[in-house]
Amino acid sequence: MHIAVIGAGVVGVTTAHALQQRGHRVTVVECLAAAGLETSRANAGQRSYGYVYPWASPAMLKKALPWLVKRDGPLKLRLPPSRHTLSFLAATWRFAQQPGLFETNKRAMLRLGAYSRQCFEALEDDATLDFDAGRGGLVDLASDVESLKALQVNAGLLGELGIEHQLMTAAEVAEREPALAGSQPLVGGIWLPGDGTGDCYRFTQALAAVCAARGVDFLFQTRVTGAERDSGGHLRALTLANATGEPQAPLAADAFVLCAGTASQRLGKLFGARLPIYPVKGYSLTMPLRDAALAPRSTVIDDRYKVVFTRLGERLRVTGFVELAEHDRQIPAARLATLRRAVAARFAGAADVDAAESWAGFRPMTPDGPPVIGEGKRNNLFLNTGHGTFGWTLSAASAQLIAQLIDGDKPALALEAFRPGRFG
């Protein structure tokens, strides 16, 4: 079977790999010049299988306004907000108010994360990839008693689902991450030993090279402009254009998988799929280490600044912010200043902040939180998009699930929380 995958970010490339492994002929269409150049480019570097959760949370709604007015608050909103932004916020509010939905979705996402860990292990057994991989786990800090209580509640759910974890005292946190000793306030934390780290861009590039060597075709600098259907309404081919807008030969295929990140909302309309995906903006700084002894060993989530620190070999990356500003690619100095303050607070002297590479990217977020994984309205269109901040973490699992659906196999997990039709 010939399958067209739209998008060459980490989700699209892992999908192509999963399909190629099953013997399908695969063509990947990507509007940019190479794989992994958009959301996968400089994200937090986590594969946080035990640290996934929905966006639409009742607790988040209570914190949103204080965060907006706080100087270093993690939530930012461009004023005046666009109609798209207001629509997304209204939908998020509605989902957050549905009794029990957050808990149901969180369980589903944690199960997906656990499955993704298994899928990544199998993937890395299949292909040797160089991407600054680390397997030191994830430490989530608690700077005060309130944060520690929240971690204790989360630990109960992790235990229920059989996800390995360890609640820690401040001394135990400092033992696991020695560079934190004597830094900002700290009362405890939780360690998730099964989580991993690495450079998502390097991973995506390396896996794309493996796929290409095995026969997957990549059409870079190629945009999808429309769709051709047969008399029954099923997709028959994609109409394409090159980077300058010149029409290209249509791409016919037996099945199509949409993995286009934040572009999925626009492209979904071509295929009759309603995908209310919003580009939630985030920022990162990546800097060379100065003193490895002062740097984190793995991934550390800081509850004070709401940032993530990740060790990537001889580099340190700090990532933060949830900004609702459409596709505004500007990088305000104030955002980077907050990230630098966070580094100085927790890991002073660890890295050369003056040599940091700055980046802003857009997470494809659904208004309720879970990604969209499943079959579209037509039986040869499949959707694998909207992974939000957990694209790399969940990509290996969602790729396998899509491959299972295409082959008519029973999915390894229940997909109710991820069904494409839940938005109407």
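The name given to the protein in an unreviewed UniProt entry is FAD-dependent oxidoreductase, and the organism recorded there is Halomonas salipaludis. Check the Sequence similarities (unreviewed entry) section of the UniProt entry for the protein; it says "Belongs to the DadA oxidoreductase family."

Colleague: I'd like a rundown of the overall build of the protein, residues and numbers included.
Modeller: From N to C terminus, the protein includes 10 helices and 20 strands. Against the 2.2 N^0.38 benchmark of 22 Å for 424 residues, the protein shows a C-alpha radius of gyration of 21 Å, consistent with a compact globule. Viewed in the frame of its principal axes, the protein has a C-alpha envelope of about 70 × 45 × 45 Å. Looking at the protein residue by residue over its 424 residues, the buried ones come to 58%.

Colleague: Tell me what's going on with the packing of helix 4 (residues 101–126) against helix 10 (residues 391–406), and back it up with residues and numbers.
Modeller: Following both chains from N to C, one finds helix 4 and helix 10 inclined at 85°, their axes separated by 7 Å at the closest point. The orientation of helix 4 with respect to helix 10, classified from their angle, is roughly perpendicular. Contact residues: helix 4 offers Met-109, Leu-112, Gly-113, Tyr-115, Ser-116, Cys-119 and Phe-120, while helix 10 offers Trp-392, Thr-393, Leu-394, Ser-395, Ala-396, Ala-397, Gln-400, Leu-401 and Gln-404. Split by residue class, the contact of helix 4 with helix 10 holds 10 nonpolar, 6 polar and no charged.

Colleague: Describe the sheet that holds strand 11 (residues 235–242), listing the residues and the values that go with them.
Modeller: Strands in a sheet are paired, the pairing made by backbone hydrogen bonds, and the direction either parallel or antiparallel. Across the sheet, 3 strands lie side by side as 10-11-12; this open sheet has antiparallel pairing. On the outer flanks of this sheet lie strand 10 (222–229) and strand 12 (247–252), each paired with one strand and no other. Across this sheet, the average inter-strand angle for adjacent strands is 25°, counted without regard to direction. In the sheet, strand 10 pairs with strand 11 via 7 bridges, with the strands oriented antiparallel. For Arg-223, the partnering residue across the bridge sits in strand 11 and is Ala-241.

Colleague: Residues and numbers for the sheet that holds strand 19 (residues 372–375), please.
Modeller: The 6 strands are arranged 9-2-1-13-20-19 in an open sheet whose pairing can be described as mixed. Across the chains shown, the open sheet's two edge strands, defined by having one partner strand only, are strand 9 (217–219) and strand 19. Ignoring strand direction, the axes of neighbouring strands in this sheet form an average angle of 20°. As paired strands, strand 1 (residues 2–6) and strand 13 (residues 255–258) are joined by 4 bridges and run parallel to one another. Directly across from Ala-4, in strand 13, lies its bridge partner Phe-256. The sheet strands contacting helix 10 are strand 1, strand 13, strand 19 and strand 20 (381–385), and the helix crosses strand 20 at an angle near 170°.

Scoring rules and cut-offs
- Residues numbered from 1 in each chain as written.
- Predicted model: local features only at pLDDT ≥ 70, side-chain atom pairs only at ≥ 80, totals over all residues.
- Heavy atoms only, no water.
- UniProt positions renumbered as here; feature names shortened; annotations may be inferred.
- Helix = DSSP H or I, 4+ residues; strand = E, 2+ residues; numbered from the N terminus.
- Rg over C-alpha atoms; globule rule 2.2 N^0.38 Å.
- Buried < 20%, exposed > 50% of the residue type's maximum accessible area, 1.4 Å probe, protein only.
- Axes fitted to C-alpha atoms, helices over the stretch in contact; angles between N-to-C directions.
- Parallel < 35°, antiparallel > 145°, perpendicular 65-115°, else oblique.
- Contact = heavy atoms within 4.5 Å.
- Nonpolar A, V, L, I, M, F, W, Y, C, P; charged D, E, K, R; others polar.
- Pairing = 2+ DSSP bridges.

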